[in-house]
Amino acid sequence: MRLSRMQPSKTHPCLRRKVREDMKTHGILVDYKWCSGCRSCEMACQMEHGLPPHRSGVKVLEIGPWQIDGETWQYDYQPVFTDECDLCKERVGKGKTPTCVKHCQAFILEYGEVDDLVAKMNGWKKRSLIVP
Ligand code: SF4
Ligand code: SF4
């Protein structure tokens, strides 16, 4: 069911409450400008959750390299979070940070409240906010 297509007046109150309860309050801020493509995040997630090598809560994409013009090149690594990601619910429940955040070699992943992370995106290039 696509809630975005439903008229508010036609949405049952119980359903509206359920949507609010499901709204995520936490996420991960990715400062991917500095991602080295080491894939430690992928492996840490697989080990934490017992997933086989082709599955993970996060996959790192390689974009480029290609020359745009002169000395300008497109060449980035970008971690993309998948439907396997539960934001390390169990670890976080014990007061720990998500394991991909802990094992990121470049310290470019930050777990926190969405409102705080949104504030940190302001004015920065090559940052993405993940709310799985
Ligand atoms: S937050 Fe946890 S479940 Fe999600 S990608 Fe990172 S390690 Fe995997
Ligand atoms: S561990 Fe950090 S630096 Fe390495 S690929 Fe993942 S996000 Fe990028």
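In this text, all values refer to a predicted model and were calculated from it rather than measured experimentally. (Residues numbered from 1 in each chain as written. Chains lettered and ligands numbered in written order. Predicted model: local features only at pLDDT ≥ 70, side-chain atom pairs only at ≥ 80, totals over all residues.)

A. How the structure looks around the overall build of the chain. Each helix and strand in the chain was counted, giving five helices and five strands. For the chain, the sequential pattern of α-helices and β-strands runs α-β-α-β-β-α-α-β-α-β. Residue burial in the chain is summarised as follows: out of 132 residues, 20% are buried. Considering only contacts in the chain between residues 6 or more positions apart, those separated by 24 or more positions represent 60%. (Helix = DSSP H or I, 4+ residues; strand = E, 2+ residues; numbered from the N terminus. Buried ≥ 20, exposed ≤ 12 C-beta atoms within 10 Å, placed from the backbone. Contact = placed C-beta atoms within 7 Å.)

B. Here's a closer look at the pairing of strand β1 (residues 26–30). Counting buried residues along β1, four of its five residues qualify, which places the element largely inside the surrounding structure. Here three bridges tie β1 to strand β5 (residues 128–130), and the two strands are oriented antiparallel to one another. Bridging from a neighbouring strand, Leu-29 pairs with Leu-129 of β5. (Pairing = 2+ DSSP bridges.)

C. Region of the structure containing the nonpolar core. Among the nonpolar cores identified, the biggest contains 18 residues, and Ile-28, Val-30, Cys-41, Cys-100 and Leu-109 are the most heavily contacted of them. When contributions to this core are tallied by element, the ones reaching two or more residues are β1, α2 (40–49), α4 (99–103) and β4 (109–113). With sequence-adjacent residues up to four places away left out, Cys-100 is seen in contact with Cys-41, Ala-44, Cys-45, Val-58 and Leu-109. (Core = buried A, V, L, I, M, F, W, Y, C linked by C-beta atoms within 7 Å.)

D. Molecular detail of the site of ligand 2. Taken together, 15 residues are adjacent to ligand 2, and Cys-35, Cys-38, Cys-41, Cys-104 and Ala-106 come closest. Those elements that place two or more of their residues in the shell around ligand 2 are α2 and β3 (72–81). Residues of the shell around ligand 2, tallied by class, amount to 10 nonpolar, four polar and one charged. (Near = placed C-beta within 6 Å. Nonpolar A, V, L, I, M, F, W, Y, C, P; charged D, E, K, R; others polar.)

E. Spotlight on the sheet that holds β1. With respect to topology, three strands assemble into an open sheet ordered β4-β1-β5, the strand pairing being antiparallel. Looking at which strands have only one partner, the edges of the open sheet turn out to be β4 and β5. Geometrically, the sheet is characterised by an average inter-axis angle of 30 degrees between neighbouring strands, direction not taken into account. With five bridges connecting them, β1 and β4 associate as antiparallel partners. Following the sheet pairing, Gly-27 is matched in β4 by Gly-112. Sheet strands in contact with helix α5 (residues 114–121) are β1, β4 and β5, and its direction is about 130 degrees off that of β4. (Axes fitted to C-alpha atoms, helices over the stretch in contact; angles between N-to-C directions.)

F. Here's a closer look at the site of ligand 1. Around ligand 1, a shell composed of 13 residues is seen, among which Cys-45, Gly-57, Cys-85, Pro-98 and Cys-100 lie nearest. Elements supplying a minimum of two residues to the shell around ligand 1: α2 and α4. Ranked by residue count, the leading element in the shell around ligand 1 is α2, at three residues. Taken together, the residues that form the shell around ligand 1 break down as nine nonpolar, two polar and two charged.

G. Fine view of the confidence of the model for the chain. Looking at the chain as a whole, its pLDDT mean stands at 87, while 83% of the residues score no less than 70. Every residue in residues 1–9 is under pLDDT 50, and counting partners more than four places away or in other chains gives two contacts. Every residue in residues 15–22 is under pLDDT 50, and counting partners more than four places away or in other chains gives two contacts. (pLDDT = per-residue confidence, 0-100.)

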